[in-house]
Amino acid sequence: MELSAEFKRIMTVGLLLKSLSKLDGHSSKLLQVFGKKGGAQGRKIKRILIPVTKIDNIDVKRECILKALSVYLNKEPNKMVKEHLDSNVDNGQAEMEMVLWCTYSQRRCRA
């Protein structure tokens, strides 16, 4: 939080907004690179990217690209992107602090 506030103070734009806009700008190239990856890693990346073809939602696309990038970099996707279905932000706070890149969004859980 402190880093984000300092970034906004210096750059007059939010860190998350700037980061996500840059990710969006590179997403088509990243998808091309991921598509060329072979082997077990390539198969895992392809499974991660399935929702991108089925759901037209920028948040889903970003999440899938970040997870695929972590696999491409030989990292565990769950250490890169976390999803919380809980409506209480405090429940995931400690867990989010252990993640390299974390965005928090609330998704409604359908019963």
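Residues numbered from 1 in each chain as written. Predicted model: local features only at pLDDT ≥ 70, side-chain atom pairs only at ≥ 80, totals over all residues. Heavy atoms only, no water.

1. Quick notes on the overall build of the protein
Here is the rule we go by: Helix and strand definitions here come from DSSP, where helices need a minimum of 4 consecutive H or I residues and strands a minimum of 2 consecutive E residues; each element is numbered from the N-terminal end. The buried label applies to any residue whose accessible area, calculated with a 1.4 Å probe on protein chains only, is under 20% of its type's maximum; exposed applies above 50%, and partly exposed to all values in between. Two residues form a contact once any of their heavy atoms are found within 4.5 Å. Per-residue accessibility takes into account occlusion by the displayed protein chains alone, with areas from the Shrake-Rupley method and a 1.4 Å probe.
Secondary structure assignment for the protein yields 6 helices and 0 strands. Helices and strands in the protein line up, N terminus first, as α-α-α-α-α-α. For the protein, the residues scored as buried account for 23% of the 111 residues in total. In the protein, the share of contacts with a sequence separation of at least 24, taken over all contacts with a separation of at least 6, comes to 35%. Summing over all exposed atoms, the protein offers an accessible surface of approximately 8400 Å²; the carbon and sulfur share of this is 55%.

2. What to know about the environment of F34
Positionally, F34 belongs in helix α2 (residues 15-36). Sequence separation of F34 and I45 is 11 residues, and the distance between their C-alpha atoms is 6.9 Å. Discounting residues that sit within four places of it in the chain, F34 has contacts with I45, K46, L49, I65, A68, L69 and Y72.

3. Quick look at α2
This is how the line gets drawn: In a helix, the anticipated span is given by 1.5 Å times the number of residues less one. To get the bend at any residue, fit one axis to the seven residues that end at it and another to the seven that begin at it, then take the angle between the two axes.
If you check α2, its first and last C-alpha atoms are 30 Å apart, about what 22 residues at 1.5 Å a residue would give, namely 32 Å. Largest kink in α2: about 50°, centred on S27. Those residues of α2 not exposed but buried are L20, L23, S27, L30 and F34. Where the residues of α2 are buried, they touch α3 (39-48) and α5 (58-72).

4. Examining the packing of aromatic side chains
Here a ring pair, both rings aromatic, is described through the centre-centre distance and the interplanar angle of the planes. The test is simple: Pairing of aromatic rings covers Phe, Tyr and the six-membered ring of Trp, with a centre-to-centre limit of 6.5 Å; geometry is then stacked below 30 degrees between planes, edge-to-face above 60, and tilted otherwise.
Scanning the model with the defined rule gives 1 aromatic pair in all. Both rings, one in F34 and one in Y72, keep their centres 5.8 Å apart while their planes meet at 55°; by these two values the pair is tilted. Taken together, the residues span a long stretch of sequence, with F34 in helix α2 and Y72 in helix α5 at a distance of 38 residues.

5. Focus on the nonpolar core
The condition is simple: Definition of nonpolar core: a set of buried residues of the types Ala, Val, Leu, Ile, Met, Phe, Trp, Tyr and Cys, connected through side-chain atoms within 4.5 Å.
Counting 13 residues, the largest nonpolar core has L23, L30, F34, I45, L49, I65 and A68 as its most contacted members. A total of 6 residues in this core trace back to one element, the largest contributor, which is α5. If near-sequence neighbours (up to four positions away) are discounted, I65 is found in contact with L23, S27, L30, L31, F34 and L49.

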